[in-house]
Amino acid sequence: ELAGAAGFADTINDAPGITARIAACRITLEKADHAGRVLDLMGDFGADEGRYATYHAWADRLPRDAAVSAGRHAGDMRLPVFHFPFAGWTDAVVMNVLMGEAVGVQLGELARISYAPLADVFRAIAPREARHAILGFEGLTRIAASDAGRAAAKQSIAYWRPRVAEIGRASCRERVCWI
């Protein structure tokens, strides 16, 4: 969630209008809030909560043409998808849409974990994450209204789909939580 917030924060000024900027700001704010909620619980178990906000070089990205499997470099614990840069507003919206679908599935699973306080947090943030996906679909619909926008969206989908798909493989391999 912190990595997602960092990525969207960098794209706010790429938004084509005030409504899109507000949506990007909302997503950024709420993702940071979601991370804070989980970090509060982690703190109960001795996690250094402050470290998570400052530990990563959030803007550090791989080259855009790096292999999908190149994610998780230099000990960085972000999901591999967050190692790749956005190439403008359409790219950020497409990634948001694809990640929104993946997060919806993962939150559905995590909301059923046995540690009730954490499951409660996941259930509480799920509707907001669902709203982020809706905002993404609305933005993508506006982008795809033109031939040029539709072509750019298709190109972006081809780029992001395998990177988002890697989340499931990484989670299965490494038992990584999306936060």
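Residues numbered from 1 in each chain as written. Predicted model: local features only at pLDDT ≥ 70, side-chain atom pairs only at ≥ 80, totals over all residues. Heavy atoms only, no water.

Participant: Can you tell me about the overall build of the protein chain, naming the residues and giving the values?
Facilitator: The helix and strand inventory of the protein chain stands at 6 helices and 0 strands. Contacts in the protein chain between residues at least 24 apart in sequence constitute 63% of all its contacts with a sequence separation of at least 6. (Helix = DSSP H or I, 4+ residues; strand = E, 2+ residues; numbered from the N terminus. Contact = heavy atoms within 4.5 Å.)

Participant: Go over the pattern of salt bridges with me, naming the residues and quoting the values.
Facilitator: Counting across every chain of the model gives 9 salt bridges. Here Glu 1 makes a salt bridge to Lys 31, at a shortest N to O gap of 3.5 Å. Of this pair, Glu 1 sits in the segment before α1 (2-9) while Lys 31 is found in helix α2 (residues 18-43), placing the two residues 30 residues apart along the sequence. For Asp 33, the salt bridge is made with Arg 37, and the minimal N-O distance between the two is 2.9 Å. Here the residue Asp 33 and the residue Arg 37 both occupy positions in helix α2, the gap between them amounting to 4 residues, near one helical turn. (Salt bridge = Lys/Arg side-chain N within 4 Å of Asp/Glu carboxyl O.)

Participant: So, the side chain of Asp 91: which residues are in play, and what are the values?
Facilitator: Its place among the elements puts Asp 91 in helix α4 (residues 89-110). Not counting residues up to four positions away in its chain, the partners in contact with Asp 91 are Arg 64, Pro 85, Phe 86, Ser 156 and Trp 160.

Participant: Mind laying out a negative patch on the surface, listing which residues take part and the relevant values?
Facilitator: Side chains of Asp 40, Asp 44, Asp 48 and Glu 49 sit close together on the surface and give a patch of like negative charge. With respect to the helices and strands, the residue Asp 44 is situated in the loop between α2 and α3 (49-54). (Patch = residues over 30% accessible without salt bridge, like charges linked within 9 Å, V, L, I, M, F, W, Y side chains within 5 Å. Areas by Shrake-Rupley, 256 points an atom, 1.4 Å probe, with all protein chains shown as cover. Lys, Arg positive; Asp, Glu negative; His and termini not counted. Charge placed at Lys NZ, Arg CZ, Asp CG, Glu CD.)

Participant: So what's going on with the packing of aromatic side chains? Residues and values would help.
Facilitator: Per the counting criterion, the structure on display carries 5 aromatic pairs. Taking the centre distance of 5.9 Å and the plane angle of 45° together, the rings of Phe 8 and Phe 86 count as tilted. Here Phe 8, found in helix α1, pairs with Phe 86, found in the loop between α3 and α4; they are 78 residues apart in sequence, far enough to count as distant. An angle of 70° between the planes, with centres 5.7 Å apart, marks the rings of Phe 45 and Tyr 115 as edge-to-face. One end of the pair, Phe 45, is in the loop between α2 and α3; the other, Tyr 115, is in the loop between α4 and α5 (116-143), and 70 residues separate them in sequence. Through pairs of rings, three or more aromatic residues link up here, namely Phe 8, Phe 84, Phe 86, Tyr 159 and Trp 160. One residue, Arg 163, lies across the ring of Phe 84, its end atom 4.8 Å from the ring centre. (Phe/Tyr/Trp six-rings, centres within 6.5 Å; stacked < 30°, edge-to-face > 60°. Lys NZ or Arg CZ within 6 Å of the ring centre and 35° of its normal.)

Participant: Let's hear about the packing of α1 against α2: which residues, and what values?
Facilitator: Contact geometry for α1 and α2: axes closest at 8 Å, N-to-C directions at 160°. With respect to each other, α1 and α2 are oriented roughly antiparallel. Remark: the crossing between α1 and α2 carries left-handed chirality. Here α1 contributes Leu 2, Gly 4, Ala 5, Phe 8 and Ala 9 to the contact with α2, which in turn contributes Ile 27, Thr 28, Lys 31, Ala 32, Ala 35 and Leu 39. Of the residues assigned to the contact of α1 with α2, the class counts are 8 nonpolar, 2 polar and 1 charged. (Axes fitted to C-alpha atoms, helices over the stretch in contact; angles between N-to-C directions. Parallel < 35°, antiparallel > 145°, perpendicular 65-115°, else oblique. Left-handed = near helix turned anticlockwise from the far one by under 90°. Nonpolar A, V, L, I, M, F, W, Y, C, P; charged D, E, K, R; others polar.)

Participant: Describe in detail the nonpolar core, supporting the description with residues and values.
Facilitator: Residues Val 81, Phe 82, Trp 89, Met 99 and Trp 160 are the most contacted members of the largest nonpolar core, which totals 35 residues. Elements supplying a minimum of two residues to this core: α1, α2, α4, α5 and α6 (147-174). Considering each element in turn, this core owes the most residues, 10 residues, to α4. The contacts of Trp 160, once residues within four sequence positions are left out, are Arg 64, Val 81, Phe 84, Pro 85, Phe 86, Asp 91, Val 94, Met 95 and Leu 98. (Core = buried A, V, L, I, M, F, W, Y, C linked by side-chain atoms within 4.5 Å. Buried < 20%, exposed > 50% of the residue type's maximum accessible area, 1.4 Å probe, protein only.)

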